[in-house]
Amino acid sequence: MEAKSSQLPDSRGYFGQFGGTFVPERLMPALDELEQAFNQASADSDFQREFQELCRNYIGRPTPLYPAQRLAARMDGAAILLKREDLAHTGAHKINNALGQGLLAKRMGKNRIVAETGAGQHGVAVATVCAMLGLNCIIYMGEEDVRRQATNALRMKLLGAEVRPVASGSRTLKDAINETIRDWVTNVRDTYYLLGSVVGPHPYPTMVRHFQSVIGQETREQVTAMYHRLPDYLVACVGGGSNAMGLFHPFFDDRDVKFIGVEAAGKGLDTGKHAASLSAGRVGVLHGARSYLLQDSHGQIAETLSIAAGLDYPGVGPEHSYYKETGRATYMAVTDSQALEGFKLLCQTEGIIPALESSHAIYYAARLAASLPREQIIVVNLSGRGDKDLDIVSRALEMKP
Ligand SMILES: *Cc1c(COP(=O)(O)O)cnc(C)c1O
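Keep in mind that what you see is a predicted model, and the values were worked out from it rather than measured.

Analysis parameters
- Residues numbered from 1 in each chain as written.
- Predicted model: local features only at pLDDT ≥ 70, side-chain atom pairs only at ≥ 80, totals over all residues.
- Heavy atoms only, no water.
- Phe/Tyr/Trp six-rings, centres within 6.5 Å; stacked < 30°, edge-to-face > 60°.
- Lys NZ or Arg CZ within 6 Å of the ring centre and 35° of its normal.
- Core = buried A, V, L, I, M, F, W, Y, C linked by side-chain atoms within 4.5 Å.
- Buried < 20%, exposed > 50% of the residue type's maximum accessible area, 1.4 Å probe, protein only.
- Helix = DSSP H or I, 4+ residues; strand = E, 2+ residues; numbered from the N terminus.
- Contact = heavy atoms within 4.5 Å.
- Polar contact = N/O pair within 3.5 Å; in protein donor to acceptor, adjacent residues only side chain to side chain.
- Salt bridge = Lys/Arg side-chain N within 4 Å of Asp/Glu carboxyl O.
- Pairing = 2+ DSSP bridges.
- Expected span 1.5 Å × (residues − 1).
- Axes fitted to C-alpha atoms, helices over the stretch in contact; angles between N-to-C directions.
- Parallel < 35°, antiparallel > 145°, perpendicular 65-115°, else oblique.
- Left-handed = near helix turned anticlockwise from the far one by under 90°.

Draft legend 1. The packing of aromatic side chains, seen in detail. Counted by the stated rule, this structure contains eleven aromatic pairs. Every member of this aromatic cluster is reached through a ring pair, and the members are F248, F252, F259, Y322 and Y323. Across the ring face of Y292, the terminal group of K324 is positioned such that the distance to the ring centre comes to 5.3 Å.

Draft legend 2. Inspection of the nonpolar core at higher detail. Of all hydrophobic cores here, the largest spans 57 residues; its most connected members are L99, L104, I113, V126, M156, Y192 and Y204. The element that contributes the greatest number of residues to this core is helix α5 (residues 121-133), accounting for seven residues. Among residues more than four places away in sequence, those in contact with Y204 are L31, L34, Q101, W184, Y193, L195 and V199.

Draft legend 3. The arrangement of the side chain of D145 in detail. Along the chain, D145 turns up in helix α6 (residues 143-148). You can call D145 buried: its relative accessible area is 5%. In terms of polar contacts, D145 uses its side chain to reach the backbone amide nitrogen of L173, at 3.4 Å. Not counting residues up to four positions away in its chain, the partners in contact with D145 are T117, G118, R171, T172 and L173.

Draft legend 4. Region of the structure containing the pattern of salt bridges. In total, this model carries 21 salt bridges according to the counting rule given. Across the salt bridge formed by E218 and K83, the nearest N and O atoms sit 2.7 Å from each other. Placement of E218 in helix α10 (residues 214-227) and of K83 in strand β4 (residues 79-84) is noted, with a sequence separation of 135 residues between them. The salt bridge involving R147 is made with E144; its shortest N-O contact spans 2.5 Å.

Draft legend 5. Quick look at the side chain of N243. By secondary structure assignment, the location of N243 is in helix α11 (residues 242-248). Once residues lying within four places of it in the same chain are set aside, the contact partners of N243 are H93, I215, A236, C237, N381 and S383.

Draft legend 6. Spatial organisation of the pairing of β4. Counted residue by residue, β4 has six buried out of six residues, so it is predominantly covered. The alternating pattern of β4 places A79, L81 and K83 and I80, L82 and R84 on opposite faces, both of which are buried. Pairing of strand β3 (residues 65-67) with β4 involves three bridges; the strand directions are antiparallel. Looking at the pairing, P67 lines up with L81 of β4. As defined by bridge partners, β4 adjoins strand β14 (residues 377-382) across six bridges and the pair is classed as parallel. Considered in β14, the bridge of R84 is made with L382.

Draft legend 7. Structural detail: unusual backbone geometry. A cis amide bond, omega 0°, links L8 with the succeeding residue P9. Residue placement: P9 occurs in the segment before β1 (14-15). In this chain, R61 is followed by P62 through a cis amide linkage whose omega measures -5°. Secondary-structure assignment places P62 in the loop between α2 (45-59) and β3.

Draft legend 8. Just helix α14 (residues 336-350), in detail. With 15 residues, α14 ought to run about 21 Å at 1.5 Å a step, and its terminal C-alpha atoms sit 21 Å apart, in line with that. Taken together, the buried positions of α14 are D336, A339, L340, G342, F343, L345, L346, T349 and E350.

Draft legend 9. Highlighting the packing of helix α4 (residues 94-107) against helix α9 (residues 204-212). Between α4 and α9, the shortest axis-to-axis distance is 8 Å and the interhelical angle comes to 115°. Relative to α9, α4 is oriented roughly perpendicular. For the pair α4 and α9, the crossing hand works out as right-handed. Counting all contacts with α4, which are made through K94, N96, N97, G100, Q101 and L104, the residues of α9 involved are Y204, M207, V208, F211 and Q212.

Draft legend 10. Geometry of the sheet that holds strand β5 (residues 112-117). Spatially, four strands are ordered β7-β6-β5-β8 in an open sheet, and the strand pairing comes out parallel. Of all the strands in the sheet, just β7 (162-166) and β8 (191-193) have a single pairing partner and so form its edges. Within this sheet the neighbouring strands show an average axis-to-axis angle of 25°, counted without direction. Across five bridges, strand β6 (residues 136-142) lies against β7 in parallel orientation. Looking across to β7, one finds that G142 is bridged to V166.

Draft legend 11. Fine view of the environment of L71. Looking at where L71 falls in the secondary structure, it is placed in helix α3 (residues 69-75). In sequence terms L71 and T349 are 278 residues apart; their C-alpha atoms lie 5.4 Å from each other. If near-sequence neighbours (up to four positions away) are discounted, L71 is found in contact with I80, L345, L346, T349, E350 and A366.

Below, the structure is given as structure tokens:
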């Protein structure tokens, strides 16, 4: 029999065969301390209240659940509801997790925060929360990413964070992750590692799921108030998998609600130039956990490619691997050019400029809607706004400002 949501992960941090803690021995005490602090905090009503109040007054929650009627009419099928995480402070869902873990760090008495960032979205969310809570913030970012994402590096500095460019390896996200872990190991007594998705060693996938579940909890109340029933489909893009897990998890035990995760197919799954770990990867260990990964024939981590920087990661959260293996969720892949179609479609039908990550989910949901009868309800997580992507989009569409 499949496990109930309350039984996952098990006490060693496994979702079936996925997850666990594949880290150097000297990090184990830090992970144990973190797990204990998280368990205590999440059972403490004062902590919950503080998180909820800042969700309301700082992030601007609850975010709306918007019926996209012109988009649905265009597709001539099921209803499409957009969960508007693009309207959260800083323009995406990442702030929910940054806030939750920032409060946890403070409660643990750790006033020095380290985090890695790729395109800079997680770095900006962490720097934002650190400024608001009065925590010292150090962001590791590959040199190549600092160059490509100069505006986000500037944002972090303006918010008071120290941005440390990483010159090793390919000078991108995975090198920044290694450097962050090195810092954490060295300074573990006063330092908190604020991880940005439902990845990494236990307890991170569970903690990040917990803080992002505010998305699915609100959706449940909002859709029930509108339709007096639960939706038929939940659709979300999957990079590491946090916005998808945040939407899905509160519906885990509602077996009639179908989950669809949408990965980045880049130039196409058959070209090898993509970031679809669940659709095209194999099981292995990366960044502290066992999960599906993109590897080459020698078992080396493969180079990934996606037009959406936030989906450009060779791994995926272990709970998604478990959902794939048990069939609780289905994972599809959408190419760069299809995501651009989704992007334009939402701009033109609804007056909303979505993030390129979210555009993957929009594209898939629109196609799905067209194949379904009108009585069906699809909720799409609009994980972020697209202002950050205008340069990339204008180049891809060869548009001039
Ligand atoms: C980072 C990001 C993602 C991907 O991260 P997940 O952990 O998979 O949610 C998706 N959408 C936006 C807007 C992002 O910034």
